[in-house]
Amino acid sequence: MSGAAMSEPTPPAPVLGFFERYLTLWVALCMAGGIALGQLMPPLFHALGDATLAHVNLPIAVLVWLMVIPMLLKIDPAALKQVGAHWRGIAATLGVNWLVKPFSMALLGALFIGHLFRPLLPTGQIDSYIAGLIILAAAPCTAMVFVWSNLVEGEPHFTLSQVALNDSIMIFAFAPSVALLLGLSSITVPWSTLVLSVVLYIVVPVAVAQLWRRAMLEHGGAAALQRVLRALGPISLAALLLTLVLLFGLQGTEIVRQPVVILLLAIPILIQVYFNAGLAYLVNRQLGEAWCIAGPSALIGASNFFELAVATAIALFGFQSGAALATVVGVLVEVPVMLSVAAIIRRSRRWYERGHA
């Protein structure tokens, strides 16, 4: 550690407002409220759940736009060329996403679902549950990563570049990696879901954000942009919480009907998320990457592209299969667990930067 590094004080964490400070409480209330509303108003949630195109839920897509567009407004396209300076973070994320995560989930699935929890699960669904977990881990997250990256003050240009690179690799590597781990000779990839998800969650919000950003800078300058970003902050968090209500409302029946199965499937998913997030975080620290790169790298390395995973599980095994249920459990734990990972990353900033090369 150099003397210059020692002389630079760690920037103080931004002061959180009342809403942000108690975000964990609001998340818990939204999860419980979603389950309750799903039981009280099933026709409404069935209608929202059926509003899909190529297995992509359109109401959730709109909520994702509300979450990610404020983050994308911060991105200056001219600064994207500087991302190459963070090649170590990109390499760490790619290694975790494609060389570690699918294989670690296969191991955890075999250990927990195939052995430890086997007596507690329906015998005929064991292999299907493991397959669903593998499919979930083989698809790296896309748009939601912008939300997690923003929570840890991640470098937005790095996040955008990493997501775009993952999307490109996914087109070629998703099917072979799933086929290898499932032992299937051919995998039916729902290409329409993959393409539509990338368009809806990446292309459209990026285009909208950049056109909006350019218009604001041309007519009001940087001050206008900052005013809009401050105004959109609460909307972005509200969209995140509404997404939780919708997700838990849509799956409330399954949670009530199979609580033990849901809990047991969640355990290997949780272990896998924390393991891969921690691995990416530590690798970045060892490589000397900045904290603002390590944070989003860890979050991207840990999270999943649940729309693609659910669609693939349904295409391969059927809507009522254990594989489909396992991917849905991934959906349910995604937001709460990623919020907890983001909190750990924020609280460990001083420790990370003390060991930063």
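For clarity, every value in this text was computed on a predicted model and none was experimentally measured.

## Some words on the overall build of the protein chain
Per the secondary structure count, the protein chain includes 17 helices and two strands. Its C-alpha atoms give the protein chain a radius of gyration of 20 Å, within 12% of the compact-globule value 21 Å for 357 residues. The dimensions of the protein chain, computed from C-alpha atoms along their principal axes, are 60 × 45 × 35 Å. A total of 357 residues make up the protein chain; the buried ones form 51% of that total. Relative to all contacts within the protein chain whose residues are 6 or more apart in sequence, the contacts with residues 24 or more apart total 86%. About 15,700 Å² of surface is accessible on the protein chain, with carbon and sulfur atoms providing 70% of the total. Between the centroid of the 17 positive side chains of the protein chain and the centroid of its 14 negative side chains there is a distance of 8 Å.

## Some points on the confidence of the model for the protein chain
Here the protein chain averages 85 in pLDDT, and 92% of its residues register 70 or above. Across the protein chain, helix α13 (residues 259-287) holds the top mean pLDDT of 95, while helix α1 (residues 3-7) sits lowest at 36. Per-residue pLDDT stays below 50 along residues 1-16; that stretch engages in twelve contacts with residues further than four places along the chain or on separate chains.

## A look at the packing of helix α6 (residues 87-116) against α13
The N-to-C vectors of α6 and α13 enclose an angle of 150 degrees; their axes lie 9 Å apart at closest approach. It follows that α6 is roughly antiparallel to α13 by the angle criterion. Crossing handedness for the pair α6 and α13: right-handed. Each residue belonging to the contact of α6 with α13 can be placed in one class, and the counts come to 18 nonpolar, five polar and two charged.

## Description of the pattern of salt bridges
Opposite charge on two side chains permits them to pair, given that their charged atoms come into close proximity. Applying the stated criterion to the full structure yields four salt bridges. Arginine 257 is paired through a salt bridge with glutamate 254; the nearest N and O atoms lie 2.9 Å apart. One end of the pair is arginine 257 and the other is glutamate 254, both in helix α12 (residues 252-257) and three residues apart, which spans about a single turn. Within the structure, one salt-bridge network assembled from shared partners comprises Glu153, Arg346, Arg349 and Glu353.

## Structural notes on the nonpolar core
If you look at the biggest cluster of nonpolar residues, it comprises 112 residues, and the most contacted ones within it are Leu73, Ile113, Trp148 and Leu240. Broken down by element, this core gets its largest block of residues, 16 residues, from helix α16 (residues 322-347). Contact partners of leucine 73, with chain neighbours within four places excluded, come to Ala209, Trp212, Arg213, Met216, Leu225, Val228, Leu229 and Leu232.

## What to know about a nonpolar patch on the surface
The grouping of Leu37, Leu40, Met41 and Leu44 at the surface amounts to a nonpolar patch, some 360 Å² of accessible area in total. In this fold, leucine 37 is placed in helix α3 (residues 23-40).

## Concerning helix α5 (residues 58-72)
Helix length check: α5, at 15 residues, gives a terminal C-alpha distance of 20 Å against a target of 21 Å (1.5 Å per residue), a fit within 8%. Considering bend angle alone, the principal kink of α5 is centred on leucine 66 and spans about 25 degrees; proline proline 70 follows within four residues of it. For α5, the secondary structure elements touched by its buried residues are β2 (56-57), α8 (144-151), α10 (191-219) and α11 (221-250). If you check the start of α5, you find a side-chain oxygen 3.0 Å away from the backbone N of isoleucine 60, and it comes from asparagine 57.

## Focus on α8
Turn by turn, an α-helix covers 3.6 residues, leaving residues three or four places apart pointing in a common direction. Buried residues dominate α8, accounting for six of its eight residues. Of the residues making up α8, those classed as buried are Met144, Val145, Phe146, Val147, Trp148 and Ser149. Of the residues flanking the end of α8, it is glutamate 153, one or two places downstream, whose phi is positive at about 55 degrees.

## Focus on unusual backbone geometry
The backbone phi angle of glutamate 153 is positive, close to 55 degrees, even though this residue is not glycine. Note on placement: glutamate 153 falls in the loop between α8 and α9 (156-182). Glutamate 153 gets classed as partly exposed once you look at its relative accessible area, which sits at 33%.

## A look at the side chain of histidine 157
Checked against the element boundaries, histidine 157 lands in helix α9. In terms of polar contacts, histidine 157 uses its side chain to reach the backbone amide nitrogen of aspartate 76, at 2.9 Å. Setting aside chain neighbours within four positions, we find histidine 157 in contact with Ile75, Asp76, Ala79, Leu80 and Val83.

## Topic: the packing of aromatic side chains
Geometrically, a pair of aromatic rings is defined through the distance of the ring centres and the angle of the planes. Evaluation of the coordinates by the stated rule reveals three aromatic pairs. Residues phenylalanine 112 and phenylalanine 117 carry aromatic rings whose centres are separated by 5.5 Å and whose planes lie at 50 degrees to one another, so their mutual orientation is tilted. Residue class for phenylalanine 117 comes out buried when judged on its relative accessible area of 13%. With a centroid separation of 6.3 Å and 35 degrees between ring planes, the pair formed by tyrosine 281 and tryptophan 351 is classed as tilted. A residue pair is termed long-range when its members are at least 10 positions apart, and tyrosine 281 in helix α13 and tryptophan 351 in helix α17 (residues 349-354) qualify at 70 residues. The class of tryptophan 351 is partly exposed, set by a relative accessible area of 34%. Of the aromatic side chains, those joined through ring pairs into one cluster are Tyr281, Trp351 and Tyr352.

Cut-offs and rules
Residues numbered from 1 in each chain as written. Predicted model: local features only at pLDDT ≥ 70, side-chain atom pairs only at ≥ 80, totals over all residues. Heavy atoms only, no water. Helix = DSSP H or I, 4+ residues; strand = E, 2+ residues; numbered from the N terminus. Rg over C-alpha atoms; globule rule 2.2 N^0.38 Å. Buried < 20%, exposed > 50% of the residue type's maximum accessible area, 1.4 Å probe, protein only. Contact = heavy atoms within 4.5 Å. Areas by Shrake-Rupley, 256 points an atom, 1.4 Å probe, with all protein chains shown as cover. Lys, Arg positive; Asp, Glu negative; His and termini not counted. Charge placed at Lys NZ, Arg CZ, Asp CG, Glu CD. pLDDT = per-residue confidence, 0-100. Axes fitted to C-alpha atoms, helices over the stretch in contact; angles between N-to-C directions. Parallel < 35°, antiparallel > 145°, perpendicular 65-115°, else oblique. Left-handed = near helix turned anticlockwise from the far one by under 90°. Nonpolar A, V, L, I, M, F, W, Y, C, P; charged D, E, K, R; others polar. Salt bridge = Lys/Arg side-chain N within 4 Å of Asp/Glu carboxyl O. Core = buried A, V, L, I, M, F, W, Y, C linked by side-chain atoms within 4.5 Å. Patch = residues over 30% accessible without salt bridge, like charges linked within 9 Å, V, L, I, M, F, W, Y side chains within 5 Å. Expected span 1.5 Å × (residues − 1). Bend = angle between axes of the 7 residues up to and from the residue. Polar contact = N/O pair within 3.5 Å; in protein donor to acceptor, adjacent residues only side chain to side chain. Phe/Tyr/Trp six-rings, centres within 6.5 Å; stacked < 30°, edge-to-face > 60°.

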